[in-house]
Amino acid sequence: MAPIEISAARADEALLDLPWGLPLAEWPDSLLASLPRGISRHVVRFARVSGRVLALKEINENLARGEFTTLRLLGKLGIPAVEPFAVVSGRESAEDGRELDAILITRHLQYSLPYRAVFTQLNSEDTARKLLDALAVLLVRLHLVGFYWGDVSLSNTLFKRDAGAFAAYIVDVETGQLEDHLTKGQREYDLDIARTNIVGEMLDLQAAEQLPENVDPIAIGDLLLERYNELWDALTGRETFSANERWRVSARIEKLNELGFDVDELDMTTDLDGTTVTVQPKVVDAGHHRRRLMRLTGIDAQENQARRLLNDLDQFRALTDQQGEEEEFVAHEWLQEQYEPVVRAIPRAMRKKLPAPEFYHELLEHKWFMSQRLGKDVTWDKAVQDYILNVLAYRQDERALITSETSAIPIVTETEL
């Protein structure tokens, strides 16, 4: 038997103990995480190795190495993506010596949900729109760094809860390529593929009676294009105004901050007589609120979670009459007196259900609704107790919910819909 080769981002000798001489489909259940799997054009399994859950995909060696490299590059560029762990090649069947495909290994994205699981848990009219909003943000971020996806779909994406919305992470980059700059035609082709795939996925959910009756699959596909174009124009569009309206430069930056982006470079030009000014963002970077929250508190959150926590921090500052204090000092006090006690009140056995920032967001929501219902401001203790008994006790353990939805469903034409 030929020696196998393991190219890993992090060395782990436990990988040597796995049965690489067996096709992935024949691995014994004792080695695998007993978790649900979804649609995939490749054999995908999940294994627990050294206390972590890894996703294993059997694929051609060149494709595996290309995908491993691409995922690493996207990670370095700050794009939300699954983390590549290793590529195992040189595999041969222990039974007859025939060559076996390589295996791409990625780390399971904790607290992530495939779109089918989202609809199973949140089968509402707004669910599809929230997923499309998250996918539009992800696609814009990919295009801004010059990444052509080539197979945009909900199936190739994982979603994390984000304070009532979702954050999208790219999973499958097998058909993707990173370039210096994407043309308008490349972006539009990616959007066309995305729309077609998403309409097909919505029709699939509709056939399975998992889509609300009032949701139109074709309208959902069109919604992605609408959301994408709105965001792309806001981030890259040129704006011209009178030289007497210079305040609009700051207003443009503030608008991008509200969308969750920082402006790292802004192109500002005037006409020959200096009567008009044209501005255009040249370099934008996602994660404005997330970076601010991390700087102030050390809390790592999704963008909308960070926005919500920062709003609560601002409210805490006003209620404690500390508007004149340094923001860092107030943040430290808020963290010690409010955020940490509330999060620690969650029973240890239930803490795998959601990440801490999402817990806090949901508790803020729960406290507000309880206060509205009772007509008075309820205490944190009462809100936490009620939330644990009436909400959290019935929630799934999302940190361990895994699926192998790593590829789009077959593309269909509109005449086939």
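These numbers were taken from a predicted model, which means no experiment stands behind them. (Residues numbered from 1 in each chain as written. Predicted model: local features only at pLDDT ≥ 70, side-chain atom pairs only at ≥ 80, totals over all residues. Heavy atoms only, no water.)

Caption draft 1: Structural detail: the pattern of salt bridges. Taken as a whole and assessed by the stated rule, the structure comprises 26 salt bridges. Linking Arg 65 and Glu 61 is a salt bridge whose minimum nitrogen-to-oxygen distance equals 3.0 Å. One end of the pair, Arg 65, and the other, Glu 61, are both in helix α1 (residues 61-76), four residues apart, so they sit about a helical turn from each other. On the basis of relative accessibility, which here comes to 33%, the residue Glu 61 falls in the partly exposed class. (Salt bridge = Lys/Arg side-chain N within 4 Å of Asp/Glu carboxyl O. Helix = DSSP H or I, 4+ residues; strand = E, 2+ residues; numbered from the N terminus. Buried < 20%, exposed > 50% of the residue type's maximum accessible area, 1.4 Å probe, protein only.)

Caption draft 2: Highlighting the sheet that holds strand β13 (residues 276-286). Here three strands make up an open sheet; going across it, the order is β11-β13-β12 and the pairing antiparallel. Whereas interior strands pair on both sides, the edge strands pair on one side only; in this sheet they are β11 (239-242) and β12 (261-270). Here the average twist between neighbouring strands, direction ignored, is 30°. The sheet contact formed by β11 and β13 spans four bridges and is antiparallel. Its bridge partner lying in β13, Phe 241 is registered against Val 277. (Pairing = 2+ DSSP bridges. Axes fitted to C-alpha atoms, helices over the stretch in contact; angles between N-to-C directions.)

Caption draft 3: Main features of the confidence of the model for the protein. For the protein, per-residue confidence averages 87 on the pLDDT scale, and 93% of positions sit at 70 or higher. Every residue in residues 403-417 is under pLDDT 50, and counting partners more than four places away or in other chains gives 52 contacts. (pLDDT = per-residue confidence, 0-100. Contact = heavy atoms within 4.5 Å.)

Caption draft 4: Up close: the environment of Leu 158. Relative to the helices and strands, Leu 158 is located in strand β8 (residues 157-162). Separated by 12 residues in sequence, Leu 158 and Ile 170 have C-alpha atoms that sit 6.6 Å apart.

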